[in-house]
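Close look at the chain arrangement
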Amino acid sequence: MEYGLVLRWLVAYAVLAGLGRAVATRLFSTLPGRGVGFGLPTALVVVGTTAYWVGQATFGLPALAAGVVVLVALGVVASLDVGALRDRRLRLSAGVRPDRRTAEAAAVFVVAFGVLVAVRAVDPAVYPVGGEKFLDFGLLKALDRAETLPPEDMWFAGEPVRYYYGGHLLTALLADLTATPTRYAYNLSLAGFYAMLVTAAYGLAGAVGREHAGSWRAAGLAAAFFVGVASNLVTAGRLLVGRLPGSFRADVIRTVAARTRYSTDAVAGGVDTFSYWTASRVIPGTINEFPLFAWLNGDLHAHMMGMPFLLLAAALAFAIYRTPAGDLSRRRRLAFVAVPLLAGFQTVVDTWSVPSVFGLLFLAVALGPADPWPLLSRRLAAWRRTRSAGPLVDELGHLGGALAVAGVAGVFGAVLSLPFLLGAGSGREVALLGAAERSSLPALLLVHGAFVVVFLAYLLDRLSVDRVVAPLVGVGALGLLAATANLAVVLVSGPLLVLGWAACRTDRPVGFETVLIVAGAGLVGLVELVYVVEQAGPLRMNTVFKTYMQVWVLWGVAAGVAVPAFVRWAGGASIPGLRSRWLRAGLAVAVVAATVPYAGLAFSAHFGAGAGAGAGGDPTLDATAFVEREHPDEAAAIAYVDALPGRPTLLSAPATGRYPGPGGDAPAQPGMYGWESSPAASLTGVPTVAGWHHEVGYRGREPYLSRVRDVDDAYTGSPERTVEVLEAYGVDYVWVGPAERARYGSVTFESVDRLTPVFETDAVTIYRVKEPRVD
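So, here is what we can say about the structure in this document. (Residues numbered from 1 in each chain as written. Predicted model: local features only at pLDDT ≥ 70, side-chain atom pairs only at ≥ 80, totals over all residues. Heavy atoms only, no water.)

**As for the overall build of the protein**
Test applied: Each helix is a run of H or I in the DSSP string that is no shorter than four residues. Each strand is a run of E no shorter than two, and both are numbered from the N terminus. We call a residue buried when its accessible area falls under 20% of the maximum for its residue type, exposed when it is over 50%, and partly exposed in between, using a 1.4 Å probe and counting protein chains only. Accessible surface is estimated by sampling points in the Shrake-Rupley manner with a 1.4 Å probe; for residues, cover comes only from the protein chains shown.
In terms of regular secondary structure, the protein is built from 34 helices and six strands. Relative to its full complement of 775 residues, the protein shows a buried share of 58%. For the protein, the exposed surface amounts to about 29,200 Å²; the carbon and sulfur share of it is 62%.

**A word on the side chain of Arg-508**
For the record, the criterion: Charged residues are defined here as Lys and Arg on the positive side and Asp and Glu on the negative side; His and the ends of the chain fall outside this count. By convention in these notes, a salt bridge is any Lys or Arg side-chain nitrogen within 4 Å of a carboxyl oxygen on Asp or Glu. Definition of a polar contact: a pair of N or O atoms within 3.5 Å, with one able to donate and the other able to accept a hydrogen when the atoms are protein atoms, and with sequence-neighbouring residues admitted only if both atoms are side-chain atoms.
Locating Arg-508 in the fold gives a position in the loop between α23 (489–504) and α24 (512–526). Buried charge without a partner: Arg-508 forms no salt bridge, and the closest opposite charge is Asp-507, 4.3 Å away. Within the local environment of Arg-508, its side chain forms a polar contact with the backbone oxygen of Arg-462, the two atoms lying 2.6 Å apart.

**Structural notes on helix α16 (residues 328–349)**
Keep this limit in mind: Working rule for helices: expected span equals 1.5 Å times residues minus one. Working definition for bend: take the seven residues up to and ending at a residue and the seven starting at it, fit an axis to each, and measure the angle between the axes.
With 22 residues, α16 should cover 32 Å at 1.5 Å per step; its first-to-last C-alpha distance of 30 Å lies within 8% of that length. Leu-334 marks the point of greatest bend in α16, at about 30 degrees. α16 sits mainly inside the fold: 17 of its 22 residues count as buried.

**Side note on the pairing of strand β5 (residues 755–760)**
On a regular strand, one side chain projects to one face of the sheet and the next to the other, so that they alternate. Filter applied, for reference: Between any two strands, pairing holds if DSSP finds at least two bridges.
Across five bridges, β5 lies against strand β6 (residues 765–769) in antiparallel orientation. Bridge pairing links Pro-757 to Tyr-767 in β6. Counting the residues in the hairpin turn of β5 and β6 gives four residues.

**Regarding the packing of aromatic side chains**
Going by this rule: To pair, rings of Phe, Tyr and Trp, with the six-membered ring standing in for Trp, must have centres within 6.5 Å; the planes then decide the type, stacked if under 30 degrees apart, edge-to-face if over 60, and tilted in the middle.
Counting across every chain of the model gives 37 aromatic pairs. Taking the centre distance of 5.3 Å and the plane angle of 75 degrees together, the rings of Tyr-127 and Phe-626 count as edge-to-face. Here Tyr-127 is found in the loop between α5 (100–121) and α6 (133–145), whereas its partner Phe-626 is found in helix α28 (residues 625–630), with 499 residues between them in sequence. We note that Tyr-127, like Phe-626, is buried.

**A word on the sheet that holds β6**
Across the sheet, four strands lie side by side as β3-β4-β6-β5; this open sheet has mixed pairing. Among the strands making up the open sheet, the edge pair consists of β3 (650–651) and β5. Across four bridges, strand β4 (residues 733–736) lies against β6 in antiparallel orientation. Bridge pairing in β6 places Tyr-733 opposite Arg-768.

**Remarks on helix α17 (residues 354–366)**
In this model, α17 (13 residues) spans 19 Å end to end at C-alpha, consistent with the 18 Å of a helix rising 1.5 Å per residue. Extensive coverage of α17 is indicated by the burial of 11 of its 13 residues. What α17 keeps buried is the set Val-354, Ser-356, Val-357, Phe-358, Leu-360, Leu-361, Phe-362, Leu-363, Ala-364, Val-365 and Ala-366.

**Focus: the pattern of salt bridges**
Tallying each qualifying case throughout the model produces 20 salt bridges. Among the ionic pairs, Glu-528 bridges to Arg-540, the shortest N-O distance being 3.0 Å. One end of the pair, Glu-528, is in the loop between α24 and β2 (530–533); the other, Arg-540, is in the loop between β2 and α25 (541–568), with 12 residues separating them in the sequence. Across the pair, exposure class does not vary: Glu-528 and Arg-540 are buried alike. Salt bridges linked by common partners bring Arg-100, Arg-101, Glu-104 and Arg-217 together as one network.

**Structural notes on unusual backbone geometry**
Here the amide bond leading from Leu-149 into Pro-150 is cis, since omega sits at -5 degrees, within 30 degrees of zero. Secondary-structure assignment places Pro-150 in the loop between α6 and α7 (166–177). With a phi close to 55 degrees, Ala-179 is a non-glycine residue in the positive phi region. As for its position among the elements, Ala-179 is in the loop between α7 and α8 (182–212). A relative accessible area of 59% means that Ala-179 is categorised as exposed.

**Quick word on a nonpolar patch on the surface**
Note the threshold: Put simply, a patch holds well-exposed residues, over 30% relative accessible area, that have no salt bridge, with like charges counted together within 9 Å and Val, Leu, Ile, Met, Phe, Trp or Tyr side chains within 5 Å.
Taken together, Val-408, Val-411, Phe-412, Val-415, Leu-418 and Leu-422 make up a surface patch of nonpolar side chains, about 530 Å² in accessible area. Residue position: Val-411 is located in helix α20 (residues 391–421).

**Here we look at the environment of Ala-279**
Put simply, the rule reads: In what follows, residue pairs with any heavy atoms lying within 4.5 Å of each other are defined as contacts.
Looking at the element boundaries, Ala-279 is found in the loop between α12 (264–268) and α13 (291–297). Sequence separation of Ala-279 and Ser-231 is 48 residues, and the distance between their C-alpha atoms is 8.0 Å. Those residues within four positions of Ala-279 in sequence are excluded, and the remaining contacts are Asn-232, Val-234, Thr-235, Tyr-262, Asn-288, Phe-290 and Tyr-598.

**With respect to the nonpolar core**
Put simply, the rule is: In this description, a nonpolar core means a group of buried Ala, Val, Leu, Ile, Met, Phe, Trp, Tyr and Cys residues linked to one another through side-chain atoms lying within 4.5 Å.
Ranked by size, the top nonpolar core spans 224 residues in total, and within it Phe-113, Leu-204, Leu-311 and Phe-455 carry the most contacts. Element by element, the count of residues in this core is highest for α8, at 19 residues. Those residues in contact with Leu-204, other than ones at most four positions away along the chain, are Phe-38, Leu-311, Ala-314, Ala-315, Phe-318, Leu-516 and Val-557. Grouped together as the second largest cluster of nonpolar side chains are 25 residues, Val-689, Ala-690, Val-747 and Tyr-767 included.

**Overview of the side chain of Arg-540**
For Arg-540, a relative accessible area of 3% puts it in the buried group. A polar atom in the side chain of Arg-540 sits 3.0 Å from the side chain of Glu-528. Here Arg-540 is in contact with Ile-283, Thr-286, Leu-433, Glu-437, Arg-438, Ser-439, Val-527, Glu-528 and Tyr-531, once residues within four sequence places are set aside.

Structure (C-alpha cells):
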C-alpha cells in the first residue's frame, strides 16, 4: 500500500484548500461559516481555469505553475484585511483565521478520503468491464503526453478529444504537483473528488442549516450522509418484499417488475443475491446512479468530478440569495463575474451540469426576497416600481427579472466557454420525449421516494393549514394531468414545485434548502419532457444518467437541512398526528433506515470479497497492476508502448462491438466494455487510428466507420493498401495482438517492406513503420 502517496496528496489538498479558503471567504462573506468546505473546490477552479487557458499555448509544468501562481496571488490578496491596510496595518481578514468549523470540515474530508482510499485499495484496477475506466485512464495518459490543449484523442489519432476533460485535467495537474505516476493518481484523485463532494455538502448544508435549522453540525453531517452514503429505496425495498405475505408478495413483485427494469427474480431477491450494481438500474432505458454507487464502481467520470463544483455554484447562489438587496455591487459581482467564471470551467469539467449552474442562479433570484431588476439596471427597477399593477403582475415581473439576470450571466458564461463549445462540446440538440418512454410512478418512487417523503413532510410542516389548501388544489390538478397524459412525474415533482415555490414567496420560515428542493424537482420533471439527442447512448439514457446525479447531490444537501429542521420544528405543525417530536424523529429514523442498507451490504461485499474485477494480493492504489497479473502476455508490449516518447500514432484493431465477442463458432469482435477495447492506446495514451466504438457518439457514425474500414483494409488488404493507410494517418507503429487475431484471423506483414518488427512475444508483435512521415 502506497501510504506515502496518500499522505502527499493529503498535504497537497490541505495547502490548496488553505489558499482557496482565503478566496472563498471573500466570495461567501455574507454566509455563516464564510465558505467553510469550499476552499478546495475554489482553489481547483482557479488553478484549473488558469491552466486550461495557458494550456492552449503550452501545457504541462508551465500551465501548472501559472495556475499555482494565480491561486497564491489571489489567496494573498484575499487574506488581507482591507480595513487594516487602509490604516497601514497588515492583518489577516477574520474569515481566513482557523476556526472550529474549518477544523470540522477538514475532519470530514480526511474521513471521506480515507474511506475511498480503502475502497480503491482492494479494487484499484481500471478494468473496462462494468464501466468506462479505459476512457478515463486513457484521457489521463493522453494529457500526460499533451504539449497543448485539448489533448489528442487516444481513440481517434490526429484529432483532439471531443469530450469534457476538465476533471481529468485537474487530476493530471495534481499528479504533476505531487510527482505521482498516473497509475496511482487515478485512484487518489477519485478519492479526492469524493471527499471534496462530501465536504462541500457538509459546508453548504451547515451554512443553510445554521440559519434555518438551528444547527450547523446536525445539518452538515446529515447532508454528508445523504450525499455520500445513502442510496435509493431499491435495496431496502427488496429486503422488505422478502418479508411480505405470500400472495401479496407475488402481486407486489409482478407490479414492480412490470414498471421497472427488473425481472421478478431481481425484485424478489434478498441479501443472498445482493449486487451493488442492481440499485443503479431502475427506470427502463436509463441509468439511475447515486454517488456511493458511482464511487464504488470506480469510474473517474465527468459527471462525478463535476459535482463538487455544482455545489460551489449552489453556494454562490446561496450567497446571492442571502446578500442584502442594498449590497448591489456584491450581488452583481457574484451573479455576473463569479457564476460565469465557474460555469466557463464547469463546461470543460461536466458540460451536462452547466445549465444547472444558471438554473440555481435563476432560482436564487426568483425565490429570494430581493428585487432582481436592480441587478440589471437601477433606472429600470425604479421605473417598474412606479408601474406596479397588482401582486400577480408584480410576481410575474419578479420572475421575468430573474430570467433576465440568469440570461445575462449565461451569455457571459457562454463567451468564456466558446473555445470548448465550438470544438468538443458541439453537435447536440434537444428533443421532446414521447409519452411511451416516460417513467412509471413505482420506478420514480424507488429512485426518489426517500427524498420526496422528507420534503413533503418538511414543506407541509412549514406551511400553515390555511396556506396549504390552495397548493393542494394545484396538486390535485397535477394528479389529473398525470392520469391523463402518462406523466407520473407530476405526482413526484409537482407537489414539491408548488409547495416549495409557495413557501419561498410567502413569509414562511424556509430558506435556501427549499430553493434546492425546487431545483431538484425541476430537473426530475424536465427529463420526463425533453432529452438531449446523441449517439453515445440510446434515447434519453445519458440525459437521465447525468441529470439524476445532479438531483441526488442537490436533494442530498436539502435533505441534510430539512431532516433536522423537521425533527426540531416547534412552530406549529400542519400535518395531523406529527406534532410529537418522537413521531418526527421516528420518520427521520425510518428515512435513514431505508437508505442505509445498500451501503452496509455494498461495503460488506466489497471488502469481504477482498478483490474486485481487477484486484488481488496486497492492497495497492496501482490502477494498472492487474495488467501483469491478468494479461501477462500483453503486459510487456503495453509497457513498451507506454515508454515511447512523444505522441506516436498506433494502428490496432477497433473496438466495434458493444460487448466482448460472442461465443460459439462466430469470431469474437473487440468489444466496447472488455479488455479488447484498444488496451494499448487506452493504457498508454498513445493514439490509435480507430479505437472505442463510443467515438460514434463523439464524432458521428460515418467518420468513425470510415476509419474502421481503413484499419480493416490495413490488416487484410494488399501491401499497397496497407502502406496507403499507414501514410494517410501517419502511423508509426502497428500492433498485432489477440484482438487483432480475433478480428482478422492470422495477421502477417511479411510482404510489407515498410514494416519491421521491434517487439515480439508469443501474444503480441509490434511493428515500426520505417521512414515515418515527417510533418
